[in-house]
Amino acid sequence: MLTNPSQLIVRNIELLANHKVLLLNIEADTLGSELLGTATEVTALALDFNHFNQLVGHGRPGLKVEFGHELQAQDSFDSVVVFFPKAKSLAPYLFNLAAHYLKAGGQLLVCGENKGGIKSLDKLLPGCFGQAHKLDNARHCLLYLSQLEEQAPAWNLDSWIQQYSLPTPAGELVICNAVGVFSDRRLDEGTALLLDHLPRLHGRVLDFGCGAGVIAAALLKQQPELTLECVDINAMALLSCQRTMAANGMQAKIYPSDGLSQTEGRYDAIISNPPFHDGLKSTTDIATRFVEHSAAKLSDNGQWHIVANRHLPYADTIANVFGKVQVLAENNKYKVYHHRCGK
């Protein structure tokens, strides 16, 4: 099943006939595979690891699928299709990346939901592109076309990453935040409550949904002896976390995981400020699966420690999975939950 934006691309598939095509920020479907036969080659770059997994299993000759914040090797394309991101701040990054990969005079197609911010496209495109023209409107989505009229500006990844100092209960940290990763340049209230009530940890520790690496850096600031793994589903978050670790002279294993699926073995502690948004929608599905899968990932004396929005219905799931859970701290917005196996 194709998503609505992908269906709109297929509806205008003749635009990609005999083209070498790059799909940027792909949806959770198999569009890349379905374009083959019209396009000569298709490369798909996923910024969401779940979306990568949806397509990579449908590999065919002429289809290349990658996960990350940019392609692993420089290449050029006749057409680049950008799926307008849920995080609007990421859009200029994607358009500049598209310009970097397009051949001179190549075409840019941008598709997205009507209510997702795509109507402000002309204000977001870099000057190397011509005016964007609306081509189609269906399935609650819009499709725009533009051309690369001038040479793209030199690509500089560092210009898309903010670096700032952040006071935390563990001390001052340097945080590196890539565009599209939420940050208001201060410690968010939930993470602050979590860090204020950290137990002493040991051994192998997993930071689930690591984001820019604030929790991971705070842990290593206090306990540099920990063996830390950081996972996230978002490529820009993983880039941020990598840069944060480097900026603070710290080391951690940082890699993509869809939930806990790509993690291996058991952990002496799992810590998280779990994500509860999937695109534009608030959801507890991610956190609920995380709770359910955590129990099987903890060592015999392992600790489980998360902060959660108190209005979200985690408590029943936590009680069902772990049985006995402590609420170490709470305020009018958040609760810090703690469980220790065998206790």
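Residues numbered from 1 in each chain as written. Predicted model: local features only at pLDDT ≥ 70, side-chain atom pairs only at ≥ 80, totals over all residues. Heavy atoms only, no water.

J.: Summarise the packing of aromatic side chains; cite the residues concerned and give the values.
T.: For any pair of aromatic rings, geometry is given as the distance between the ring centres together with the angle between the planes. Under the counting rule described, the total for this entry stands at eleven aromatic pairs. Arranged with centres 5.2 Å apart and planes meeting at 80°, the rings of F49 and F67 form a pair that is edge-to-face. Residue F49 is found in helix α3 (residues 49-56), and its partner F67 is found in strand β3 (residues 63-67); the two are separated by 18 residues along the sequence. With 5.3 Å between their ring centres and 65° between their planes, Y93 and W155 make a pair best called edge-to-face. (Phe/Tyr/Trp six-rings, centres within 6.5 Å; stacked < 30°, edge-to-face > 60°. Helix = DSSP H or I, 4+ residues; strand = E, 2+ residues; numbered from the N terminus.)

J.: Report on the confidence of the model for the chain, specifying residues and quantitative values.
T.: For the chain, per-residue confidence averages 92 on the pLDDT scale, and 97% of positions sit at 70 or higher. Taken together, the stretch residues 277-282 has pLDDT below 50 and engages in ten contacts with residues farther than four places along the chain or on a different chain. (pLDDT = per-residue confidence, 0-100. Contact = heavy atoms within 4.5 Å.)

J.: Quick rundown of the sheet that holds strand β4 (residues 77-83)? Include the residues and the values.
T.: As summarised here, the arrangement of the seven strands in space is β3-β2-β1-β4-β5-β7-β6, forming an open sheet in which the pairing is mixed. Bordering the open sheet on either side are β3 and β6 (133-138), each of which pairs with just one other strand. If you compare each strand with its neighbour and ignore which way they point, the axes differ by 15° on average. One ladder, built from five bridges, connects strand β1 (residues 20-24) with strand β2 (residues 41-46); its direction is parallel. The residue of β2 that forms the bridge with L24 is L45. Against the sheet, helix α4 (residues 91-101) touches β1, β2, β4 and β5 (102-113), its axis set at about 150° to β5. (Pairing = 2+ DSSP bridges. Axes fitted to C-alpha atoms, helices over the stretch in contact; angles between N-to-C directions.)

J.: Go over the sheet that holds strand β11 (residues 227-232), please, and point to the residues and values.
T.: The strand order across the open sheet built from seven strands is β12-β11-β10-β13-β16-β18-β17, with neighbouring strands paired in mixed fashion. Sheet topology places β12 (253-256) and β17 (326-330) at the edges, where each strand pairs with a single neighbour. Sheet twist, expressed as the average angle between the axes of neighbouring strands with direction ignored, equals 15°. Pairing of strand β16 (residues 298-309) with strand β18 (residues 334-340) involves seven bridges; the strand directions are antiparallel. Paired with H305 across the two strands is H338, which belongs to β18. Of the strands in this sheet, β13 (267-272), β16, β17 and β18 are in contact with helix α6 (residues 189-196), which crosses β18 at around 40°.

J.: Please give an account of the side chain of S33 that cites residues and values.
T.: Within the secondary structure, S33 sits in helix α2 (residues 31-34). Looking at S33, the relative accessible area reads 8%, which means it is buried. In contact with S33, other than residues within four places in its own chain, are L55, H58, R60 and L63. (Buried < 20%, exposed > 50% of the residue type's maximum accessible area, 1.4 Å probe, protein only.)

J.: Give me the lowdown on the packing of α6 against helix α7 (residues 214-222), citing residues and values where you can.
T.: Look at α6 against α7: their axes get within 11 Å of each other, and the N-to-C directions meet at 20°. By the criterion of interaxial angle, the relationship of α6 to α7 is roughly parallel. Judged by the twist between their axes, the crossing of α6 over α7 is right-handed. Between α6, through T191, L194 and L195, and α7, the contact on the second element is made entirely by V214, I215 and A218. Its residues assigned to classes, the contact of α6 with α7 comprises five nonpolar, one polar and no charged. (Parallel < 35°, antiparallel > 145°, perpendicular 65-115°, else oblique. Left-handed = near helix turned anticlockwise from the far one by under 90°. Nonpolar A, V, L, I, M, F, W, Y, C, P; charged D, E, K, R; others polar.)

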